[in-house]
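# Overview (structure and organization)
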Amino acid sequence: MSGPMVSGSFGIWDYVVFAAILLISALVGIYHAVVGRGQGTPEEFLLGSRQMSSLPVALSLTASFMSAVTLLGGPYETYHYGAVNAYFAIAYTFVVVVSAEGFLPIFYRLGVTSSYEYLELRFNRWVRLCGTILFMIQTILYTGIVIYAPALALNQVTNFNLWGSIISTGIVCTFYCTLIVIMVTGLVAVIVQALILEGGVTNVLNNAHNGGRLNFWNFDPNPLHRHTFWTIVIGGTFTWTGVYGVNQAQVQRYISCKTRSQAKVALYLNLIGLWVILVCTVLSGLSMYSRYHECDPWTSGKVEAPDQLMPYMAVDILGGYPGLPGLFVACAYSGTLSTVSSSINALAAVTVEDLIKPYFTNLSEKELSWISRAMSLLFGAVCIGMAGLASLMGSLLQAALSIFGMVGGPVLGLFTLGILFSWANSAGGIVGLITGFAFALWIGIGSQMHPPPPAVTVPLNLSTARCNVSHSSNGTFWATETLHTTPTSRDYRVETAASWYSLSYLYLSTFATLIVIIVGIIVSLLTGGRKAHVDTDLLLHWTDLSCYFPRSSIGDRIEVMTWNARSDTVVGNSNPAFSHMEMDSTERRKS
């Protein structure tokens, strides 16, 4: 049976399940905070002494990707714009390959704690400072969206005050360590029940086909169109490479592996997780459309925001099973906890490494470790405050990827300029970064002030034709006035469709990255870049494409990399920052 259901509310068992999972999450964080007092250095606190193996790091990378933004925003994108976003599977593949074979080897060779340390080694301290500031802006804005997302879910199913939801989410996130099993379980429970109620996958796909949701054959090269094969594959690759390739929140995870080989394996295992999550979100969106194709809960006023559709459906179809709606909302919270915890840790890491250590050289490692913890609490509070801005930015997923494009795109361009072009200098880096960021900021803010018309975004039809005759599963009658479907008229301003403000949000990162590289090359050549002598360890080399081609490791010009390798160390495969002396001392402490 297809039709809208009543927006139910939590039962007693839903509250029990939801509260229990939040309590466990907080207790896990508190336990590790107490037990982890032996982590006396920032490296031990932030990178786990670089002793991690591939599988837990891969799960951590996947869990941080599966935030509530993905869980709530992904299905809505398919529901409203079609399954064309399945092409992100191709983009994710390119992202992981570029990150594993292009950026990871350089970070390992240098043995950095903060990825932005590279910018100082390659350019100068001012370039590093600019990169760090942009990263902090991006992370705080994005984390605000991530905190806001589950607050929307909790507000929809419980009518709990929205700001109360935001604050409670932020507090628990401050103590959290990952619970990926809960995320997957909650999402799968909704998908399975929806498929059962809709009569199987075949019926869901038939309804999706009839509603134009299986719009895979879209190869329009127009960069103004929101989602096409090209915007998703090209724009998605640049956008997510800015996250996986150079963003501290992700880099911090895979450089915690002892060897470069294990870090690469972790990234490729994570790719499988990304594909699984993408399939689940697309299938959730198609199931949602199959269920509500004749009575859309958003346009009929049953939910206040489109990103509340997923929790609405969870309560609708799982309401007869005590505790399962609570499990789904806990699933949304678990995704948020994972992402926010990694973001806060990354903010603490770059603050200590890039803003405190260079200027307060008399601080001991123990003091720096406590400062890292204090920074985590501070940034947790700041991100809670920033969650208020998320309500003004429209669709959760588009807002998150727009931030990645506006801020992460120029930073990706700066790193790419440094590793690929030996004649790039600090003047070219700074001018290119400022130019690319100004362009992305102009387009990003302009698109918020002058939203692209439906002729460009191409939203699909949402019907409310049968809202006045539907019944809920518990017999409650809904008498909802039939509303008009989403307008697709071309009466909107044609000039806006042809303007830069209508550029697909996925291309923000692409254009910003290319602008930084082009401007950086030109300025570097004009300011004597060809005369510069750059240590080859700061550049991408063909031997970096494999873990099995050793090369000369450390140049004399890089003081941070002065270390004495043991004779049995495999150069180019072991992480220089992971010293055998630490292992020996650790074993002695254990004995």
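What counts and what doesn't
Residues numbered from 1 in each chain as written. Predicted model: local features only at pLDDT ≥ 70, side-chain atom pairs only at ≥ 80, totals over all residues. Heavy atoms only, no water. Helix = DSSP H or I, 4+ residues; strand = E, 2+ residues; numbered from the N terminus. Buried < 20%, exposed > 50% of the residue type's maximum accessible area, 1.4 Å probe, protein only. Contact = heavy atoms within 4.5 Å. Areas by Shrake-Rupley, 256 points an atom, 1.4 Å probe, with all protein chains shown as cover. Patch = residues over 30% accessible without salt bridge, like charges linked within 9 Å, V, L, I, M, F, W, Y side chains within 5 Å. Salt bridge = Lys/Arg side-chain N within 4 Å of Asp/Glu carboxyl O. Disulfide = S-S within 2.5 Å. pLDDT = per-residue confidence, 0-100. Core = buried A, V, L, I, M, F, W, Y, C linked by side-chain atoms within 4.5 Å. Phe/Tyr/Trp six-rings, centres within 6.5 Å; stacked < 30°, edge-to-face > 60°. Lys NZ or Arg CZ within 6 Å of the ring centre and 35° of its normal. Polar contact = N/O pair within 3.5 Å; in protein donor to acceptor, adjacent residues only side chain to side chain. Axes fitted to C-alpha atoms, helices over the stretch in contact; angles between N-to-C directions. Parallel < 35°, antiparallel > 145°, perpendicular 65-115°, else oblique. Left-handed = near helix turned anticlockwise from the far one by under 90°. Nonpolar A, V, L, I, M, F, W, Y, C, P; charged D, E, K, R; others polar. Expected span 1.5 Å × (residues − 1). Bend = angle between axes of the 7 residues up to and from the residue.

## Side note on the overall build of the protein chain
Across its full length, the protein chain carries 22 helices and zero strands. Across the 591 residues of the protein chain, 58% fall into the buried class. Sequence-distant contacts in the protein chain: of pairs separated by 6 or more residues, those separated by 24 or more amount to 85%. Summed over its atoms, the accessible surface of the protein chain is roughly 23800 Å², and 66% of this surface lies on carbon and sulfur atoms.

## A few points about a nonpolar patch on the surface
Taken together, Leu-55, Leu-59, Val-265, Leu-269, Ile-272, Trp-275 and Val-276 make up a surface patch of nonpolar side chains, about 600 Å² in accessible area. At the level of elements, helix H3 (54-65) and helix H13 (260-292) are the ones that each hand at least two residues to the nonpolar patch. A per-element tally of the nonpolar patch places H13 first, with five residues. Of note, Ile-272 is situated in helix H13. With relative accessibility at 46%, the residue Ile-272 sits in the partly exposed group.

## Points about the state of the cysteines
All told, the structure shown has one disulfide when counted by the stated rule. Each sulfur of the disulfide joining Cys-295 and Cys-467 lies 2.0 Å from the other. Disulfide Cys-295-Cys-467: torsion about the S-S bond near 110°, hence right-handed. Of this pair, Cys-295 sits in the loop between H13 and helix H14 (309-318) while Cys-467 sits in the loop between helix H19 (454-457) and helix H20 (494-497), and the two are 172 residues apart along the sequence. Of the two residues, Cys-295 and Cys-467, neither departs from the other in class, the shared state being buried.

## Looking at the confidence of the model for the protein chain
In the predicted model, the protein chain carries a mean pLDDT of 76, and the fraction of residues at 70 or more is 71%. Least confident of the elements in the protein chain is helix H22 (residues 580-590), whose mean pLDDT is 40; most confident is helix H21 (residues 507-526), at 95. Contacts of residues 469-494 to residues separated by more than four positions or lying in other chains number 51 contacts, the stretch itself having pLDDT below 50.

## Considerations on the nonpolar core
In this structure, Phe-88, Phe-107, Tyr-118, Trp-240, Tyr-254 and Phe-415 are the most contacted members of the largest nonpolar core, which totals 126 residues. When residues of this core are assigned to their parent elements, the largest contribution, 15 residues, is made by helix H17 (residues 396-420). Beyond its immediate sequence surroundings of up to four residues, Phe-107 is in contact with Val-112, Ser-115, Tyr-118, Gly-245, Val-251, Tyr-254, Ile-255 and Phe-415.

## Quick notes on the pattern of salt bridges
Should the charged atoms of two oppositely charged side chains come close, the side chains can pair. Under the criterion given, the structure shown has nine salt bridges. A salt bridge links Lys-264 to Glu-101; its shortest N-O distance comes to 2.7 Å. Placement of Lys-264 in helix H13 and of Glu-101 in helix H5 (residues 88-110) is noted, with a sequence separation of 163 residues between them. On the basis of relative accessible area, Lys-264 is assigned to the buried category, the value being 6%. Salt-bridge contacts for Arg-291 lead to Glu-198; the nearest nitrogen and oxygen are separated by 3.0 Å.

## What to know about the packing of aromatic side chains
Applying the stated criterion across every chain yields a total of 23 aromatic pairs. Here the aromatic rings of Tyr-87 and Phe-216 are separated by 6.5 Å at their centres, their planes lie at 85°, and the arrangement is edge-to-face. One end of the pair, Tyr-87, is in the loop between helix H4 (68-81) and H5; the other, Phe-216, is in the loop between helix H10 (201-210) and helix H11 (229-244), and 129 residues separate them in sequence. Classification of Tyr-87 by relative accessible area gives buried; the value is 15%. Joined through ring pairs, the aromatic side chains of Tyr-87, Phe-216, Trp-217, Phe-219, Phe-229 and Trp-230 make up one cluster. Across from the ring centre of Tyr-359, 5.4 Å away, lies the NZ or CZ of Arg-125, which sits over that ring. The residue whose ring lies beneath Arg-530 is Trp-423, and the NZ or CZ to ring-centre distance is 5.1 Å.

## Notes on the side chain of Asp-316
Take Asp-316: it is sitting in helix H14. Owing to a relative accessible area of 7%, Asp-316 belongs among the buried residues under this scheme. At a separation of 3.3 Å, a polar atom in the side chain of Asp-316 contacts the side chain of Arg-291.

## Digging into the packing of H5 against H13
Across the interface, H5 lies against H13 with an axial gap of 10 Å and an inter-helix angle of 165°. When the axis of H5 is compared with that of H13, the two are roughly antiparallel. Our pair here, H5 against H13, has a crossing hand that is right-handed. Listed contacts from H13 to Phe-88, Ala-89, Tyr-92, Thr-93, Val-96, Val-97, Ser-99, Ala-100, Glu-101, Leu-104, Pro-105 and Tyr-108 of H5 are Arg-260, Ala-263, Lys-264, Leu-267, Tyr-268, Asn-270, Leu-271, Leu-274, Trp-275 and Leu-278. Considered class by class, the residues forming the contact of H5 with H13 number 16 nonpolar, three polar and three charged.

## Notes on the packing of H17 against helix H18 (residues 426-449)
One way to put it is that H17 packs onto H18 with a least axis distance of 8 Å and a crossing angle of 160°. Classified by the angle between their axes, H17 and H18 sit roughly antiparallel to one another. In the packing of H17 onto H18, the handedness of the crossing is right-handed. Across from Gly-405, Met-406, Val-407, Pro-410, Val-411, Leu-414 and Leu-417 in H17, the residues of H18 making contact are Gly-428, Gly-429, Leu-433, Gly-436, Phe-437, Ala-440, Leu-441, Gly-444 and Ile-445. Per-class residue counts for the contact of H17 with H18 are 11 nonpolar, five polar and no charged.

## Details of H5
Here H5 is 23 residues long and its end C-alpha atoms lie 32 Å apart, about the 33 Å a rise of 1.5 Å per residue gives. Along H5, the helix axis deviates most sharply at Leu-104, where the bend reaches about 40°; the proline Pro-105 sits within four residues downstream. Here H5 lies mainly inside the structure; 17 of its 23 residues are buried. Following H5 by one or two positions, Gly-111 adopts a phi angle in the positive range, close to 65°.

## Focus: the environment of Leu-59
Position of Leu-59 among the secondary structure elements: in helix H3. Residue Leu-59 is classed as partly exposed on the basis of its relative accessible area, which comes to 41%.

## A few points about the environment of Phe-328
Turning to its location among the elements, Phe-328 is positioned in helix H15 (residues 324-356). The class of Phe-328 is buried, set by a relative accessible area of 1%. For the pair Phe-328 and Val-315, spaced 13 residues apart in sequence, the C-alpha to C-alpha distance is 8.7 Å. The residues touching Phe-328, leaving out its near neighbours within four places in the chain, are Leu-71, Leu-72, Gly-186, Val-190, Met-310, Pro-311 and Ala-314.

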